[in-house]
Each structure stands twice: as C-alpha cells, then as structure tokens.
Amino acid sequence: MSDADPIALRATGLGRQFGAAWAVRGMDFEVPRGRVLGLLGPNGAGKTTTVRMLTALIEPTEGTATIDGFDVRSQPDEVRARVGILTETPGLYDKLSAQANLDFFGRLYGLDAATRAARIEHYLRLFSLWDRRSDVAGTFSKGMKQKLAIARALVHDPALIFLDEPTAALDPEAAYVVREAIERLRQAGRTIVLATHNLDEADRLCDQVAFVRGGLLRIDSPARLRGSLAGGRVEVRIVDRAADAGLLTIATGIAGVGAAHFDGDRLMVDAADPASVTPSLVRALAAAGAAILEVRPAATSLESVYFEVMGVQPGANGEAA
Amino acid sequence: MHRRIITTILRREFSETIRNRLLMATILVPPLLLTVAPLLLGSAIGTHTLPPDLVKSVIAQRPDWASFSPSELAGAFAVQQFLAFFLLMPAYIPLAIATFSIIGEKQARSLEPVLAAPIRTSELLAGKALAALIPGVAAGWLTYVVFIALASVVYGPHLFVVVSDPSWLAGVFVLGPAVGLVSVVAGVIVSARVNDPRVAQQIGGVVIVPIIAVTLLQATGTLLVGASGYLILAAIVAGIGLLGLRLGVRLFEREAILTRWR
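The shown structure was predicted, so the numbers you read here are calculated from the model rather than taken from an experiment. (Residues numbered from 1 in each chain as written. Chains lettered and ligands numbered in written order. Predicted model: local features only at pLDDT ≥ 70, side-chain atom pairs only at ≥ 80, totals over all residues. Heavy atoms only, no water.)

Q: Mind showing me how you'd approach the overall build of chain A here?
A: When you go through chain A residue by residue, the secondary structure sums to 11 helices and 14 strands. With respect to the three principal axes, the spread of C-alpha positions in chain A is 75 × 45 × 45 Å. Long-range contacts, defined as pairs at least 24 residues apart, comprise 66% of the intrachain contacts of chain A with a sequence gap of at least 6. Total accessible area on chain A stands at roughly 13,600 Å², and carbon and sulfur atoms take up 48% of it. The centroid of the 36 positive side-chain charges in chain A is displaced by 4 Å from the centroid of its 40 negative side-chain charges. (Helix = DSSP H or I, 4+ residues; strand = E, 2+ residues; numbered from the N terminus. Contact = heavy atoms within 4.5 Å. Areas by Shrake-Rupley, 256 points an atom, 1.4 Å probe, with all protein chains shown as cover. Lys, Arg positive; Asp, Glu negative; His and termini not counted. Charge placed at Lys NZ, Arg CZ, Asp CG, Glu CD.)

Here it is as structure tokens:
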C-alpha cells in the first residue's frame, strides 16, 4: 500500500488459540502513521502473541490485521518486509561483530551493498555504537546489545517497528539508554508498537495505550485514561485551614461541583468538568478568606488506571504487590 | 527458493563455525588422525598373512585380489577396513555443526528475528543444512585425496590400487555425501527437541551405527562391499535422508520453531 493511508496498522477481531486455550482474542485497534502504541499488560496477557501475529510470525486463529495495507494472513512476506521487530531477548549472533550482525540482516532483506553500508553506519552512529562496530556482540553490555538489536530492526527501514519488552531485564542505566533510543525514533516520526509492562515507559513514550489481558480491555491516550479514572478532580492547596467546614460548604455550593473533602492541606473538589468550575471555585474560596497556595487538576497515575482496568488490587493475593 | 538468501545464511553459518574453537577442533583433528592412522597401520602390516579360511572368504568376495601375494592380500584386507573412516567424517562433522548451529540459535534465541524477515523456512533449513554438510563432505574428500597421495608412497603399487579402486571411489564420493545428508537430518530433528549440543550429538550419533556395522562385517570377512554395493547403499541412505528431510522441513516451520521448540 502507500503512505497515503494514514493508518499503518489495523487489527480486526484478532485472536490466537493454542490447543484449547485462547492466548488472546478480540483485538480491534488501529495505529496511525507516526504514532506510538503501547501494549500494556501483565506477563502472559497475550502481548507477545499479538506482536507475533502482527509481524506474520504466527498465524491468527481468528480475525485479521493489515500492516501498511498488507494482510498478515494472505501476504505474510510483504508484511515481514515492512516490519522490524525487537524480540524479548536481543537474539544477536554473539560471535559476530556489530557490523556483521547488521550486514547479515541487511542481506536477508535484500539491501544492496551501498545501502547496507550507509544504513549500518547511520544506525550504529545513531545509537552510539559506531566506535564498537568491529567488536563482537558477545562483548557488549546488555544495554548496548539491546540498542544493536533495535538497529537490526531498523536496518531495512520498516514502516512499522515492534518492540517487545525493550527494557525488561535491563538495569536502570541500560533501560534509560534504550528508552532514550526509542524516544529518538519517536521524535523521528516512526510508527512503533511497544509491548511492555513498564507503566512509566508507556506513559512517557506512547501516544496511545492498549490494556491487554487475554484481549483488548481498553485503548486510549495516557492522558485520557488518567482523566477517565480521575473523573475530574481539582486539588486546591490552602495554607490556613481555619475554616474547614465553611470552605467545604462554599465549594459544594458551586454549580458543577459534585463533592469535596480535605486531604491534609488540600481541598479535593470533584467535578464533571473541572475546567469550567475552577475559576468560580477559586473566586469563591478567595472571597471567603482562604489563603490559596496552589490550584491544579488532580493527578492520577497510569498505574492507578492499570489496576482499575485490570481489576487488580495492588498487594491483594500477591498480585501487583 | 532464493539462492541469495541461502548464500547469506551459509556465509553467516561459516563465519560462526570458524569462530567456534571447540567445533573447529571437532572438525579438524579427527581427519588428521584418520589420515595418519591407516598409513601407520598399513605400513606396519609388513609380512603378516591372513588365516587360510579368511583368505578363501576374501578372494570369493573380491576375486580381483586373487593375484595378490599373501602379504599383499593381508595389507589389502587391512586397509579396506579404513574406508569406513572416510564415511565417519561426513557422518559426525555435519551432525556436530548442525547441532551446535541449531541449539546455539535456540539458546541465543536468535531465530525469531531471522524468521521475522521475508524468508522461507526451507531457505533457512537449506542454508543450515549446506553449512553443515559441505565441511563434512569436503573433509572426507580432502582427507581421502591426501590419504591416497601418501598411500602411493607408503603402501606401494598393489595397495594403492586397492585404496583407489571403484569401491573406494563410490564409497567416498557417493556414499559419503549420502551419509552426510542423513547426519544433517538427524542433527536437525534431534536439535529441535534437545537443548544441549552434546546430548543431541549422542542421540544423533545413531547414524554412525550402520557404518560401524558395515565395518564389523568387513573386518570379519563376512561382507566386502564392492563399488556396486556402495552405490546401492548410497541410494538407500540418500532415500532415508530425503525422507528425513521432509520431517525436518515440517519441524522447521515458523510456528513450530516459535511455539513448540523448547
């Protein structure tokens, strides 16, 4: 297909069964070009199976998906030519140099010698590996191996990049290095599907997040997901809480405010549309003599949304402890 | 199948093989020993002769040796046993390379990125099989060429005729590659199920059993296979290899590798 189609990936009712058990089913989503979709879920949720179906590594049991307009079932070779994948483990050839690793994949994808040489240099420089290009991959740190594996996924200039748990099992420093590499790809306008159970990573890197657990539970932008759980809440930090009850009465008396309570020195005001009630709220509280230090929308972490969507209580039954 | 992809896989396999010291030792050391041992033993035979009953049995099966003197006949009978050595190389070298290659990839989990590329699994299998088969067959052939060159000096003209007769040529150049094919297939099938190259080699090593059986039959004078016998054996062994290859192709499907290989 062509770049004219703004949708790089379409999945429709995608599902995969192993024996009698469904690993994942009912996956319906789209990824526009240049966007980053996060597949978020616990281990065994079906993220890797979804990635494998979308990269034409395994066939779906039901439903279908198109990559750049090509069907994963009927045009698997075209799909494979258009995707790059970082698998859960780097899967490098440890006895070959960084350059030889990339050259091998460049040849597999049918790149000519000049293109291979140019791309290999470009990506090794992009990921700060050019000076180590002749060293065998087995001597690299985990972070360097992961960056080399990302470069391998990019060497044929794919329309879509799939990154399966790119920072899993990395120490914080290596994970930071890899996240920076992904951020560079994001800024370069690459279309990326990022399978992860790292909520912070998804929040920072993804335009959309899909919660997966045997199927698609919810998909939206991180901000909307947070907003959906917060339900609209304004936090007002007050220096002097001398007239608590009075301030609560004033707050709940404002049109559009549902409920209010104090949490320490913060007045928490629930409202369906916080943006419309906040000016009235601030004026009324100030008129009542409240010394307002700060007013802001209540922050809800993606982690809270995750637990809500997954139906998991942190610490309960040992889950998400 | 695309030759470009098979060649690409073949090049990478060779690059990794030559960097694997243990594997290189496995490939290089035995051919040296197998060249030197027959020459030393052949030259040590000296004036020994065979028991009369064995002489009758040998002449009955190889009438072309009837003109040999008793010591030459003993020498011919002794060196004939070493033909099996040249079949051992295409038997164990491909097995060693295939098991190291496939199990190495399983352990490094490097097959998934390869399978994500637009290649056919038959191309991947062909590349790996050739990368295992070529060194084994080449080692057998090269060792034989070196052996035969030295044999003309060490053994003298009569025994040189024995080690360069059609039965040896058929054994080394036709049966050898057929044995190599079976060895590769055994390596592929076993490696799909096992995660330790040494265990895979022990299991896959059953391909050597028929060679040992032929050696024993020859050593007792029960069966001295001629050129036509080796050609028939080669056809049977190649047939077994091709049947095994069909199973190997099934084991080498993307889904099987990703979901069933453990």
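We are not done yet, so read on.
Q: So what exactly am I meant to see when it comes to the nonpolar core here?
A: Nonpolar side chains in soluble globular proteins generally cluster together in the buried interior. Residue and element names in this part refer to chain A. Leu9, Phe162 and Phe211 are the most contacted members of the largest nonpolar core, which totals 155 residues. In contact with Phe211, other than residues within four places in its own chain, are Leu40, Leu216, Leu217, Arg218, Leu225, Leu302, Val305, Tyr306, Val309 and Met310. The next biggest cluster of nonpolar side chains, apart from the first, holds 16 residues, and it includes Ala251, Val257, Ala271 and Leu285. (Core = buried A, V, L, I, M, F, W, Y, C linked by side-chain atoms within 4.5 Å. Buried < 20%, exposed > 50% of the residue type's maximum accessible area, 1.4 Å probe, protein only.)

Q: Please clarify how a nonpolar patch on the surface should be interpreted in this entry.
A: All names here are of chain B. On the surface, Trp141, Val145, Leu169, Phe173, Val174 and Leu231 cluster together to form a nonpolar patch covering roughly 470 Å² of accessible area. Broken down by element, the nonpolar patch gets its largest block of residues, three residues, from helix H9 (residues 166–193). Considering the arrangement of structural elements, one finds Val174 in helix H9. (Patch = residues over 30% accessible without salt bridge, like charges linked within 9 Å, V, L, I, M, F, W, Y side chains within 5 Å. Salt bridge = Lys/Arg side-chain N within 4 Å of Asp/Glu carboxyl O.)

Q: Explain helix H7 (residues 121–154) of chain B to me, please; I cannot follow it from the model alone.
A: Owing to its 3.6 residues per turn, the α-helix aligns residues three or four sequence positions apart on the same side. Taking 1.5 Å of rise per residue, the 34 residues of H7 of chain B would be expected to cover 50 Å, and the 49 Å separating its terminal C-alpha atoms lies within 8% of that figure. Note on H7 of chain B: the residue one or two positions beyond its end, Gly156 of chain B, has a positive phi of about 95°. (Expected span 1.5 Å × (residues − 1).)

Q: Teacher, can you tell me more about the interface of chain A and chain B here?
A: Interface size is commonly expressed as the accessible surface area that is lost when the partners come together. Counting residues at the interface gives 27 residues for chain A and 27 residues for chain B. Interface area, chain A with chain B, both sides summed: about 2,600 Å², of which 61% is carbon and sulfur. At the surface where chain A touches chain B, the tally comes to two salt bridges. Of the charged contacts, one joins Glu255 of chain B and Arg16 of chain A as a salt bridge, the two residues approaching to 2.9 Å between their closest N and O atoms. (Buried area = accessible area lost by both parts, 1.4 Å probe.)

Q: Is there a simple way to think about the layout of surface pockets in this case?
A: Any empty space left between atoms is shown by rolling a water-sized probe over those atoms. In this structure, the largest pocket encloses a volume near 440 Å³. Lining the largest pocket are 23 residues, and of these Lys95 of chain A together with Glu16, Asn20, Phe100 and Gly104 of chain B sit closest to its centre. Of all the secondary structure elements, the ones that give two or more residues to the lining of the largest pocket are helix H1 (3–19), helix H2 (21–44), helix H5 (83–108) and helix H10 (197–204) of chain B. Broken down by element, the residue count for the lining of the largest pocket peaks at seven residues, all from H5 of chain B. Residue classes in the lining of the largest pocket are distributed as eight nonpolar, six polar and nine charged. Put simply, the second largest pocket is a space of about 380 Å³. (1 Å grid on protein atoms, 1.4 Å probe; cavity = no way out; pocket = protein on both sides within 12 Å on 5 of 7 lines; lining within 4 Å. Points joined across faces, edges and corners; volume = space filled by probe spheres on them. Nonpolar A, V, L, I, M, F, W, Y, C, P; charged D, E, K, R; others polar.)

Q: Sorry, what's going on with the pattern of salt bridges here?
A: Pairing of side chains with opposite charge becomes possible as their charged atoms draw close. Residues and elements named next belong to chain A. Considering all chains together, one arrives at 37 salt bridges over all chains under this definition. Salt-bridge contacts for Glu235 lead to Arg296; the nearest nitrogen and oxygen are separated by 3.5 Å. Here Arg296 lies in strand S14 (residues 292–297) and Glu235 lies in strand S11 (residues 233–238), a separation of 61 residues in the sequence. Assessed through its relative accessible area of 10%, Glu235 is described here as buried. On the basis of relative accessibility, which here comes to 36%, the residue Arg296 falls in the partly exposed class. Sharing partners across several salt bridges, the network here consists of Glu235, Arg237, Asp265, Arg266, Glu294 and Arg296.

Q: Can you help me understand the pairing of S11 of chain A in this one?
A: Remember that side chains alternate between the two faces of the sheet whenever the strand is regular. All names here are of chain A. The pairing of S11 with strand S13 (residues 266–271) spans five bridges and is antiparallel. The residue bridging Val236 from the neighbouring strand is Leu267, located in S13. Sheet analysis places S11 next to S14, joined by five bridges and oriented antiparallel. Each residue of the ladder has a partner; that of Val236, found in S14, is Val295. (Pairing = 2+ DSSP bridges.)

Q: It is not clear to me how the domain arrangement of chain A should be interpreted in this structure. Could you clarify?
A: Taken domain by domain, chain A comprises domain 1 (7–226) and domain 2 (232–297). Of note, the centres of domain 1 of chain A and domain 2 of chain A, computed from C-alpha atoms alone, are 45 Å apart. (Domains from an automatic or database assignment.)

Q: Hey, could you run me through the packing of H5 of chain B against H10 of chain B in this one?
A: Between two packed helices, what matters for the description is the angle formed by their axes and the separation of those axes. All names here are of chain B. Contact pair H5 / H10: the axes reach a minimum separation of 9 Å and the direction vectors enclose 140°. Accordingly, the angle class assigned to the pair H5 and H10 is oblique. Where H5 crosses over H10, the two elements pack in a sense that is right-handed. Contact residues: Leu95, Ala96, Thr99, Phe100, Ile103 and Gln107 in H5; Pro197, Ala200, Gln201 and Gly204 in H10. (Axes fitted to C-alpha atoms, helices over the stretch in contact; angles between N-to-C directions. Parallel < 35°, antiparallel > 145°, perpendicular 65-115°, else oblique. Left-handed = near helix turned anticlockwise from the far one by under 90°.)

Q: Can you help me understand the packing of aromatic side chains in this one?
A: The geometry of two aromatic rings is summed up by the distance between their centres and the angle between their planes. Within this structure, the stated rule accounts for 13 aromatic pairs over all chains. On the basis of an interplanar angle of 75° and a centroid distance of 5.7 Å, the ring pair of Tyr306 of chain A and Phe307 of chain A is categorised as edge-to-face. Each member of the pair, Tyr306 of chain A together with Phe307 of chain A, is buried. The interplanar angle of 50° and the centroid separation of 5.3 Å between the aromatic rings of Trp141 of chain B and Phe173 of chain B together place this pair among those described as tilted. Of this pair, Trp141 of chain B sits in helix H7 while Phe173 of chain B is found in helix H9, placing the two residues 32 residues apart along the sequence. In this structure Trp141 of chain B comes out as partly exposed when scored by relative accessible area, which is 34%. Among the aromatic residues, those joined into a ring-pair cluster are Phe86, Trp141, Tyr144, Phe147, Trp168 and Phe173 of chain B. The ring of Phe104 of chain A is capped by Arg12 of chain B, whose NZ or CZ atom sits 5.0 Å from the centre of that ring. (Phe/Tyr/Trp six-rings, centres within 6.5 Å; stacked < 30°, edge-to-face > 60°. Lys NZ or Arg CZ within 6 Å of the ring centre and 35° of its normal.)

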